[in-house]
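# Observations on the three-dimensional arrangement
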Amino acid sequence: MSHTPTVHKVHYAWSICLGGTLMLFASIGLGVNVFSAFQPHLMAQVGLSNTQGAFLITVRSFFVLVGMTTAGGVAGRLGLRRGCTLSLLLLAASSFLFGAAEQFPLCCLAAAMVGLSYSWAGVIPLSLLIAGWFQDRKALALGIASAGTGLATILAPVPFTTLIEHFSLRVSFWAEGGLIALLALLFWLLVRDRPEDKGLSPYRAGNHENLPSQPQPAPVGFTSLRRAFVLSASFCVGAATSLGISNFGVLYSTAGYDADTVARLISVMGLCMMAGKVACGQITDQLGGRISNYLLYFLVLGGYGLCCLANLGSVSLAYLAMILSGLGLPLSAVSQPIWARDLWGEEGYERGLKWIQSIYALGIFLMGTVPGALADRTGSYVPAYVLFWALLLLSLVLLGYVYETTRAGRRPAH
C-alpha cells in the first residue's frame, strides 16, 4: 500500500518577503546606493560644481527625513501595496528626469523624488508589511528583505557604468528607470496588504500553528527618559552607519590604497552586510533583540576601530575592518524595527518605528557634511571614523541601559 508524502505548502507570507526584497532593491539599492556610480558622470554632463554635487545629496537627505515623518500617513491613506507601488513609480520617474536633466534645479527635483521614495517604499512600509504577514520569524523576514539593498550595490554598478561608457548617461538612467518600473509591477503583482486579502492568517512557525497569538506588550518601565535615550541612540547610529558606509571608499583611497583594492574592499563589505542581515534576523528570532544588539555592536565597533588604523597601510587589516563592519552594519537597517517592537510593543510599533526612523534620518542629515569638513581640516577621513566609533559606543551605552533596565528583548519562549 503506497503512502502519498505530505507536501507542506510555502506560506504566501514568503512571497510578501520577496516583494519587500524587490522594493528595497529598487528604493534604497538602486535609488541611493547605486547613485554613486552615476554621480561623477552627471556632474560632468550637467556641469555641476563639487558643491552642487554635494548639495544634491543634501536635498535627497532632507526629503528622506520628510518622507520618514510622513511614511505612516501615506501607507494609512493609500494602503501599503498601492502606496509603495506609486512610490517606486516616483523613483522610476526620478531616473527618467535625471537622464533628461540639463539644469541644476531639475537635478535637485529628481534628488527630492529619490528621497521621498527611499522613505515611502523603504524600511517603514516594509516593517509594517512584515508585521502584518508574519506572526513568527519577523526578524528573519526583515533581514532577508533588507539584504536586497546590498544585492543592488553588488550587481548594478557595472552594467549601468557599461551603458554610460558605450552609449550615454541618458540611456543608462533611462534603463534604470525602466528596471525600477518593472520592479514596481512585480511588487504590485506579488504583494497584498493583509493576509485576509488572500484568505489567510499570518505566518506561524510549524510548532506554533495551532497556538493562539499573543500580542507583545511594551515593557514595564519604558519611561519618557528611556524613550529619549533610544531616540538619541538612533540619531548616533544613523550618522555613524549611513555616513560610515558612504565614506569607506574615500577613507581608504585618501589613505593611499589603490583603486582596485578599494573596490574589492567595498565589495567584501557589501557581501558581509548581506550575510549579516539574514544572520541578524535569524539570531534575533532565536535569542531575542538584546543579544543581537550586543553582537552587532561588538562587530561594528571592532570594524570601525580597525578603520581608524587605515593610515597604517595594512591591506589585511583593511579587509578585516570591512568584514567586521559589514557583519555588524545590519544595525543600520534591521535593528530599528526590532527596537520598536521590543520597546514600544505591538500596539505602539508603528509610532515607535516612525520616531526611530525619523531621528535616524535626522542624524544623517545634520551630520552629513562633517566627514568632509574633518577631512578638509586634517587631510584624512580617519578622524571621521574616530567620531563614528565614539557615536556608536555612546549609542550602545544608551540602548544597553534601556534594554537592561526594562528587561526588553529577552530570548523568545519557544
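Look up: the structure comes first, before these words.
Notes on the structure follow. A quick note: this is a predicted structure, and the numbers were derived from the prediction, not measured.

## Let's talk about the environment of glutamine 45
Structurally, glutamine 45 is set in helix α2 (residues 35-46). Through-space distance from the C-alpha of glutamine 45 to that of glycine 178 is 21 Å; in sequence the pair is 133 residues apart.

## Overview of the packing of helix α11 (residues 259-287) against helix α13 (residues 315-328)
At their nearest, the axes of α11 and α13 sit 7 Å apart, and the two run at 30 degrees to each other. The orientation of α11 with respect to α13, classified from their angle, is roughly parallel. The way α11 lies across α13 gives a crossing that is right-handed. Contacts from Thr261, Arg264, Leu265, Val268, Met269, Cys272, Met273 and Gly276 of α11 reach α13 at Val315, Ala318, Tyr319, Met322, Ile323, Gly326 and Leu327. Class assignment of the residues belonging to the contact of α11 with α13 gives a composition of eleven nonpolar, three polar and one charged.

## Here's the deal with empty space enclosed by the protein
Scanning all chains against the criterion turns up four cavities of 30 Å³ or more. A volume near 60 Å³ is recorded for the largest cavity. Taken together, 13 residues form the lining of the largest cavity, with Leu30, Gly31, Ser95, Val114 and Glu176 sitting closest to its centre. Listed by contribution, the elements that provide at least two residues to the lining of the largest cavity are α1 (13-33), α2, α4 (80-100) and α9 (169-190). With four residues, the single largest contributor to the lining of the largest cavity is α4. Of the residues contributing to the lining of the largest cavity, the split by class is nine nonpolar, three polar and one charged.

Rules used in this analysis
One numbering rule holds for all chains: residues counted from 1, following each sequence as written. pLDDT decides what is reported in this predicted model: residues at 70 or higher carry local features, side-chain atom pairs at 80 or more are listed and counted, and totals for whole chains, interfaces and linings draw on all residues regardless. Here the side-chain values reflect all heavy atoms present in the structure, with hydrogen atoms and water set aside. Secondary structure elements follow DSSP: runs of H or I no shorter than four residues count as helices, runs of E no shorter than two count as strands, and numbering proceeds from the N terminus. Note on definitions: angles span 0 to 180 degrees between N-to-C directions of axes, and those axes are lines fitted to C-alpha atoms, for helices only across the stretch in contact. Roughly parallel refers to an angle under 35 degrees, roughly antiparallel to one over 145, roughly perpendicular to one between 65 and 115, and oblique to any angle outside these ranges. Helix crossings are classified by the rotation of the near helix relative to the far one: an anticlockwise turn of less than a right angle makes the crossing left-handed, while a clockwise turn makes it right-handed. Contacts were defined at the residue level, with two residues in contact if any of their heavy atoms lie within 4.5 Å. For this classification, the nonpolar set comprises Ala, Val, Leu, Ile, Met, Phe, Trp, Tyr, Cys and Pro, the charged set comprises Asp, Glu, Lys and Arg, and every other residue, Gly included, is treated as polar. Think of a 1 Å grid over just the protein atoms. A cavity is a set of points where a 1.4 Å probe fits yet cannot get out, a pocket is an open set with protein on both sides within 12 Å along at least five of seven lines, and lining residues have an atom within 4 Å of a point. Grid points are joined across faces, edges and corners, and a volume is the space filled by probe spheres set on the points.

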